[in-house]
Amino acid sequence: MYRSDSVDAAKVRGVDSGRLQSFVASERVVFSRVRPRSAQCQAQGPNGYYADAPMHWMLDWPTPFPLVIANASNATLTDIDGISLADFCLGDTGSMFGHSPAPVVRAIERQVRRGLTYMLPTPEALAVGPLLRERFGLPYWQVATTASDANRFALRVARAVTGRAKILVMQGCYHGAVDETYVALDQGKPVNRAGLVGQTVDLTADTKIVEFNDVQGLTRALADRDVACVITEPVLTNCSMVLPAPGYHQALRQLTREAGTLLLIDETHTISTGPGGYTRAFQLQPDLFVLGKPIAGGIAASVWGFTDHVAARWDEIRQSKADGHSGIGTTLSANALAMAAMQAVLTEVMTDEAYAHMERLAVRLEAGLSGVIDRYHAPWHVARVGARIEFICAPGPLKNGSEALHAHAPALEQAIHLGLVNRGCLIAPFHNMMLICPATTAVQVDTLIAAFSDVVGQLIA
Ligand SMILES: Cc1ncc(COP(=O)(O)O)c(C=O)c1O
């Protein structure tokens, strides 16, 4: 739903507030007028779900009522009113390789008649281990159901093998529903994040937090040698986009090694960089590695990998620990259906050719959006990591998570998103994220650039 953030300042990031409000009002009318069936779904009233949606994020879109999707293929969604949208959200990365890629469909069709889950491996599951090893360069792998789970399990192992309780996160980070990462910096002090519900422990007791790109802060935070693990994305992608400063990753690796702290690189979003993620493209050397969302082409699955060193220490712990639950693993993890899909993704979908196409069109989109911003002299900028592009309604580049959080302009961003939907393009609802998939076409990219130009023109001209 459209959130009615205050837009009472005379200008919001170069856009007149009155103009912004009248733009939104007329776009809401346009959206609703052409979607009688979706409107009818909404008008029917309570549908059995709490807040009328199976998952509350489905209400986070800027539209007057949710789009109800009839089908999706390649990079196109079609709603129940028959309106097609070029999809640049791609399930917020879950469908980063397109909707129902043909190899994944074939793998699922084969598996669906052979049972879906039995808590035992299949030939496909056994084939995936070496594929992960080869692609991402780490020797040991485990499979979980979501990236949140994989991060939780990897952090648990990191704490076990180092014998340390604390972890360290970056300001503005997001690693899924992982309680201990929900810490923020408030005027330089760690605090529990404001939006948490049902939180009964003080997360700041065991979570340290620094700004991304802050080598001095990191040095100080690791000095006590009490941090088990630094968990970070290689590029911050969940508070718009913050790229690493030159030398930052080398410093991060060196400082964590010196402090006996493990480094967990969460590639769930930055797998947009290339076939081996940012890690392979920039030769990072994580101790632990997590990748969720698109790894099984849209079927729920995630993977987490680790080094020989971590494995050896974990072996010792497992041999000496008492029997009973370890807190790692869930019943449907590595189920037969997900493993069949994952094998197809790793062998036939995440190919060099697919990434070359994605990169080419991402460069085209980046240039097109930047051109629009320049043409209207908007105080905004564009950032990109491989096939993931973000326009940011503030000057850039952003240096850290705090700058990124301040750059966020919810009312303006939601107005732009709604304008783009009405011009045939869907982007992610949370900030201004766009993904290019192997099936995205140049025509779709040019449609988005033209739509952005029209919307920005109406808002700024
Ligand atoms: C970097 C990163 N890690 C982990 C997650 C959690 O993914 P999931 O919601 O699939 O568990 C997200 C979700 O956006 C993410 O961006």
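Note that the coordinates shown come from a computational prediction; the quantities given were computed from them, not determined experimentally.

Thresholds applied
- In this numbering scheme, every chain counts its residues from 1 along its sequence in written order.
- The model is predicted, so local features are restricted to residues of pLDDT at least 70 and side-chain atom pairs to those at 80 or more, both for listing and for counting; the totals for chains, interfaces and linings are taken over all residues.
- To obtain the side-chain values, all non-hydrogen atoms of the structure were included, while hydrogens and water were left out.
- Any Lys or Arg side-chain nitrogen found within 4 Å of a carboxyl oxygen on Asp or Glu counts as a salt bridge.
- Helix and strand assignments follow DSSP, with helices taken as H or I runs no shorter than four residues and strands as E runs no shorter than two, numbered in order from the N terminus.
- Think of it in three bands: with a 1.4 Å probe and only protein chains considered, a residue is buried below 20% of the maximum accessible area for its type, exposed above 50%, and partly exposed in between.
- Cysteine sulfur atoms are paired as a disulfide whenever they come within 2.5 Å of each other.
- Axis definition: a line fitted to C-alpha atoms, over the contacting stretch in the case of helices. Angles run 0 to 180 degrees between N-to-C directions.
- By convention the crossing between two helices is left-handed if the near helix lies anticlockwise of the far one by an angle smaller than a right angle, and right-handed if it lies clockwise.
- Should any heavy atoms of two residues lie within 4.5 Å, those residues are counted as being in contact.
- Basically, the charged four are Asp, Glu, Lys and Arg, the nonpolar ten are Ala, Val, Leu, Ile, Met, Phe, Trp, Tyr, Cys and Pro, and anything else, Gly included, counts as polar.
- Nearness is judged by heavy atoms alone; a residue qualifies as near a molecule or strand once a single heavy atom is within 4 Å of it.
- Two N or O atoms form a polar contact when they lie within 3.5 Å of each other; inside protein one atom must be a possible hydrogen donor and the other a possible acceptor, and for residues adjacent in sequence the pair counts only when both atoms belong to side chains.
- Computed with the Shrake-Rupley method and a 1.4 Å probe, the accessible areas treat only the protein chains shown as cover for residues.
- Note that the domain bounds were set by an automatic or database domain assignment.
- By buried area we mean how much accessible surface two parts lose on assembly, using a 1.4 Å probe and totalling the loss over both.

**Let's talk about the pattern of salt bridges**
- This model, assessed by the stated rule, comprises 15 salt bridges.
- E180 is paired through a salt bridge with R159; the nearest N and O atoms lie 2.7 Å apart. Of this pair, E180 sits in the loop between β7 (166-170) and β8 (183-186) while R159 sits in helix α5 (residues 147-162), and the two are 21 residues apart along the sequence.
- Residue class for E180 comes out buried when judged on its relative accessible area of 18%.
- Residue R364 pairs with D446 through a salt bridge whose shortest N-O separation is 2.7 Å. Within this pair, whereas R364 is found in helix α11 (residues 352-375), its partner D446 is found in helix α14 (residues 442-460), the two being separated by 82 residues in sequence.
- Three or more residues joined by partner-sharing salt bridges are found here, namely E27, R423 and D454.

**A look at the state of the cysteines**
- All chains considered together, the criterion is met by zero disulfides.
- Of all cysteine sulfurs, the one in C239 lies closest to C393, which takes part in no disulfide; the gap is 15 Å.

**Some details on the packing of helix α1 (residues 17-33) against helix α13 (residues 410-422)**
- Close contact between α1 and α13 brings their axes to 10 Å; oriented N to C, the two are set at 35°. By crossing handedness, the relation of α1 to α13 is classed as left-handed. Facing L20, F23, V24, E27, R28, V30 and F31 of α1, the residues of α13 in contact are A411, L412, A415, L418, G419, V421 and N422.
- Classifying every residue of the contact of α1 with α13 by side-chain character gives ten nonpolar, two polar and two charged.

**A word on the site of the ligand**
- Among the 13 residues in the neighbourhood of the ligand, the closest are listed as S148, N238, D266, H269 and K293.
- Taking N238, its side chain carries an N or O atom lying 2.9 Å from an oxygen atom of the ligand.
- Protein contacts shield 89% of the accessible area of the ligand, which totals 390 Å² for the unbound molecule.
- No other element matches α5, which puts three residues into the shell around the ligand.

**A few points about the side chain of N213**
- Relative to the assigned elements, N213 resides in the loop between β10 (207-210) and α6 (215-222).
- Within the structure, the side chain of N213 is placed 3.1 Å from the backbone oxygen of L243, a separation counted as a polar contact.

**With respect to the domain arrangement of the protein**
- One can read the domain layout of the protein as domain 1 (11-99 + 351-460) and domain 2 (102-349).
- Taking the mean C-alpha position of each, domain 1 and domain 2 sit 28 Å from one another.
- At the junction of the two partners, domain 1 supplies 28 residues and domain 2 supplies 31 residues.
- For the pair domain 1 and domain 2, the summed buried area comes to about 2400 Å², and 61% of that belongs to carbon and sulfur atoms.
- For the domain 1 face of the interface with domain 2, the top three residues by lost area are F97, Y355 and V385, together amounting to 23%.
- Taking the shortest distance from any N to any O, the salt bridge between D92 and K293 comes out at 3.5 Å.
- Our count for the contact surface shared by domain 1 and domain 2 stands at twelve residue pairs in polar contact (both at pLDDT 80 or more).
- Looking at the side of domain 1 that touches domain 2, the elements with two or more residues in it are α11, β15 (381-385), β16 (388-392) and α12 (401-407).

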